[in-house]
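# What the coordinates show
Each chain, letter by letter, is given below.
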Amino acid sequence: MNIGGFTETIWHFAGYLRVFIDEMRARETYDGEASRVVSDEGGDRFYDRVAPITPDETASQPVFFRAPNVSDDSPALHSLTPTPFTPPARILPSSHPPPHRLDAPDSVDNDYGYMVTSHKIVTVGYQNGGTETLLSIHQVNQADDRDLLTSDAIRYPDGTLVVPPELHLDGVLSDMLHQAQSAVPGEVAALQGGTTQSVIAAIESRDMRWTETGSPYSDGSPVSHAMEGRIVDGALNANDPPVPSLAEVAPWRLADAPADSITKSITAAEPTGGVAVVSETGLNMLANAAVIVDANEATGSMIVGGNYFFSRGIAQVNVLVDNDHVDVAVDGTLAPLVQSHGNEVHNIAEFATHTMTIAPNGAAATPFWSVDVMPGSFYDVKSVIQFNGLNDSDRIVQAENGTYFDVKSGENAQLNLAQITGLDSYDIIIIGGNYHRADWIYQYNIVLDSDSAKLFATGHGSDITVVTTGFNNLTNLADITTYDSVAFKPMQQAHYDLLGALDQNSTILTPDANWQLNGNRFGTLHVLYVPGDYYDVNVITQINVLNDADQVIQANAQPGTTQGVAAGGNTVLNEAHIIDPGTLSTSKYLGGDAYEESVLIQTNMITDTDKVTIHDTQTLVPELVAFAHDVDTHSGSDSSISRPVVPDPSQHDHLTSNIMS
């Protein structure tokens, strides 16, 4: 899954982010209206680009005035000093001298070539609003696919059917899970795998500890700052790791190309000239994929009255146990190929930060502010948990007596996919309390692939016997991408005054040059005001658990055939992406302290102890003694080619199969 760069992301959010280019427009000015900015084309000056407000209930041109006695429920005025009112008289020519320039003591802003004098007012409308998000997604796949297939052609010397005993590996899996859990410290893992309520509680606890001790950890561990860039198994900007190919796992698959048709009439019970005895018990695939695009806080400006906490982390753990046992007895000149290696275990992580440098554009002068007020604290918390659990420990007993015998008991697939997008459209977010921001990804792959394969093969040069028990591929892939200005600026007294005015629901504001806001400069400025704390948290937890401890007993007494066992070749993948745009300009102000950390944990734990034995048919495992003896007894006078006895057609390749789940 590829994530686009900075340009692609900005265009993706272009309909929601209020970062605008100023446009100039002229309007008529009236005599006696000295407070308005007039046209000055001849003097190479700019026009006032803020149109007057026209209330819905009248078509006349409104003129704001101030009266000494205004009721508390007045929709427009509160406690401003009244000024004289002179109605407009006539249209002035464009050469009318403009009012004082913006560098006058009572000016607001002239960085962008427009004038707003101190008498200018902003009308504010309040309403309950703000869309909170408390989203908890759990995706779980759990399958038990322990197949049992037996062939009555393979029996013990006493005549009883060979059935491998069922493996009980719960204790081994439990130990592996404990290893994975211990690889991530408890206070780092505090946010994983929980509900939104538990996530909020963990954030509150660690951030409170952060302010009290300087560390979010109870043991006082120092705050870490992970490297920016793509990190592969601890190495910065390393090459992409290799991926086992199907040709390595199951070489006989290359022969799947269309072949010429052969027609033969069979009039008596006889070998059919079989072409293969193949067993594929591995090749399972488990995948978790999740994407969170959190643009709810992608605003033009932000003011935080309290502290700012921003933690982001990626924890990746792979645990593989692949203790294989392979015993191959060969006859003739056959040289079997046994491959128990080829496992690939990798962690790939990336922290990417794109710094925004857009300057404030004077949005303080927007004539009308629409303020959504969220009483108390505000919660934008998203938690995704994805789990794949598969037990595919198959037991296959297989004998080829002149037919194509292909058993596919693996190749199971499990997939979890989640995509979450949050797109709000505020110009400014103003927070009276603390801002808690966190992006965390936890990924675990746990694979138990301890296979057992016992083979009897009769070879004569051109035969192919291949056993693969390795080639498992465990991969964790994660990245956290942020778009944000470099740092908060200290709050000015004007910002504190603004918070106080909003807290008192003041419906008239006087723009202040020190606000330095960025947002929509025309019409309506959309503001979210949260008097309490703001929680902006994204957490993805992904877990794959695969038990694929297969047992295969295979006998091939037909020369000139392909014999193969693929007990490995499993693929488990966790892929997660968090894209978290923040304030998209340098208009970002903080009243308290800023606390930031980046955590990266990458751990691979591999146990791969294999035992491979290749010998002649003089020494056989007990399960194959009777079959080999039967082949030798019925080989006939032609000692160069060993042929099995042909059973009664009604009993030919009679199999007993049970699905246990």
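Residues numbered from 1 in each chain as written. Predicted model: local features only at pLDDT ≥ 70, side-chain atom pairs only at ≥ 80, totals over all residues. Heavy atoms only, no water.

### As for the confidence of the model for the protein
Let me state the cut-off plainly: Every residue gets a pLDDT, meaning the predictor's confidence in that residue, from 0 to 100. Comment: elements are numbered from the N terminus, with helices defined as DSSP H or I runs of at least four residues and strands as E runs of at least two. Between two residues, a contact is recorded if the distance between any of their heavy atoms is within 4.5 Å.
Averaged over the protein, the pLDDT score is 79; the fraction of residues at 70 or greater is 73%. Across the protein, the element-wise mean pLDDT spans from 36 in strand β33 (residues 655-660) up to 98 in strand β19 (residues 435-448). For residues 1-118, every residue scores under 50 in pLDDT, and the model assigns this stretch 181 contacts once sequence neighbours within four places are set aside. Note that pLDDT drops below 50 for residues 636-661; the model gives that stretch 52 contacts with residues more than four away or on any other chain.

### Some details on the side chain of S301
Here is the rule: For each residue, the accessible area found with a 1.4 Å probe, counting protein chains only, is set against the maximum for its type, and the residue is called buried under 20%, exposed over 50%, and partly exposed in between.
Note on placement: S301 falls in strand β8 (residues 301-304). For S301, a relative accessible area of 0% puts it in the buried group. If sequence neighbours within four positions are ignored, S301 has contacts with D427, I428, I429, L517, N518, T583 and S587.

### Focus: unusual backbone geometry
We note that E411 has phi near 55°; this positive angle belongs to a residue other than glycine. Residue position: E411 is located in the loop between β16 (405-408) and β17 (413-422). The phi angle at F471 is positive, at roughly 60°, despite the residue not being glycine.

### What to know about the environment of T571
Looking at where T571 falls in the secondary structure, it is placed in strand β29 (residues 571-581). Residue class for T571 comes out partly exposed when judged on its relative accessible area of 30%. Note: C-alpha distance between T571 and N473 (98 residues apart in sequence) is 4.8 Å. Excluding residues that lie within four positions of it along the chain, T571 makes contacts with N284, M285, L286 and N473.

### Re the sheet that holds strand β18 (residues 428-431)
How we decide: Any two strands with at least two DSSP-identified bridges between them are counted as paired. Working convention: axes come from line fits to C-alpha atoms, limited for helices to the stretch in contact. Angles between N-to-C directions cover 0 to 180 degrees.
The eight strands are arranged β23-β30-β8-β18-β25-β13-β1-β24 in an open sheet whose pairing can be described as mixed. Across the chains shown, the open sheet's two edge strands, defined by having one partner strand only, are β23 (489-490) and β24 (508-509). Across four bridges, the pairing between β8 and β18 is parallel. Among the inter-strand pairings, S301 is bridged to a residue of β18, identified as I428. This element, helix α5 (residues 493-503), spans β1 (122-128), β8, β13 (368-373), β18, β24, β25 (524-530) and β30 (588-590) of the sheet and lies at about 85° to β18.

### A word on the pattern of salt bridges
The criterion, for reference: What makes a salt bridge here is a side-chain nitrogen of Lys or Arg within 4 Å of a carboxyl oxygen of Asp or Glu, nothing more.
One pass over the structure, following the stated rule, counts 13 salt bridges. Put simply, E228 and R312 hold a salt bridge, and the shortest N to O gap is 2.4 Å. Of this pair, E228 sits in the loop between α3 (196-213) and β4 (229-232) while R312 is found in strand β9 (residues 308-321), placing the two residues 84 residues apart along the sequence. A relative accessible area of 37% means that E228 is categorised as partly exposed.

### Comments concerning the nonpolar core
What tends to happen in soluble globular proteins is that the nonpolar side chains get buried as a cluster. For clarity, the threshold we go by: Take the buried residues of types Ala, Val, Leu, Ile, Met, Phe, Trp, Tyr and Cys, join any two whose side-chain atoms come within 4.5 Å, and each joined set is a nonpolar core.
Ranked by size, the top nonpolar core spans 31 residues in total, and within it V184, L191 and Y442 carry the most contacts. Sorting the residues of this core by element identifies α2 (170-182), α3, β9, β19, β26 (534-547) and β31 (594-607) as the ones contributing at least two each. Considering every element that reaches this core, the biggest residue donor is β19, with six residues. Not counting the four nearest positions on each side in its chain, Y442 is found in contact with V188, A189, A190, L191, Q192, A315, V539, I540, T541 and Q542. In terms of nonpolar packing, the next biggest core, distinct from the first, is built from 23 residues, V124, V371, I428 and M491 among them.

### Considerations on the sheet that holds β9
One open sheet holds the six strands; their spatial order is β2-β14-β26-β19-β9-β31, and the pairing between them is parallel. Edge positions in the sheet fall to β2 (133-144) and β31, since each has one partner strand and no second. When strand polarity is set aside, the average angle formed by the axes of neighbouring strands in this sheet is 0°. Bridge count between β9 and β31: 14 bridges; the pairing is parallel. Along β31, the bridge assignment pairs N318 with N604.

### A short note on α5
Selection rule: What the arc describes is the spread of directions from the helix axis to the C-beta atoms.
Here α5 has its buried residues at A494, H495, L498, L499, A501 and L502. The arc that holds every buried residue of α5, seen down its axis, measures 160°, which confines them to one face. Phi for N505, located one or two positions after α5, is positive at around 55°.

### Details of the pairing of strand β6 (residues 276-280)
Within β6, five of the five residues are buried, which leaves it mostly tucked inside the rest of the structure. Residues A276, V278 and E280 point to one face of β6 and V277 and S279 to the other, with burial holding for every one of them. Sheet analysis places β6 next to strand β28 (residues 562-566), joined by five bridges and oriented parallel. Looking at β28, one finds that V278 is bridged to G564. Where β6 meets β16, four bridges bridge the pair, whose relative direction is parallel. Along β16, the bridge assignment pairs S279 with V407.

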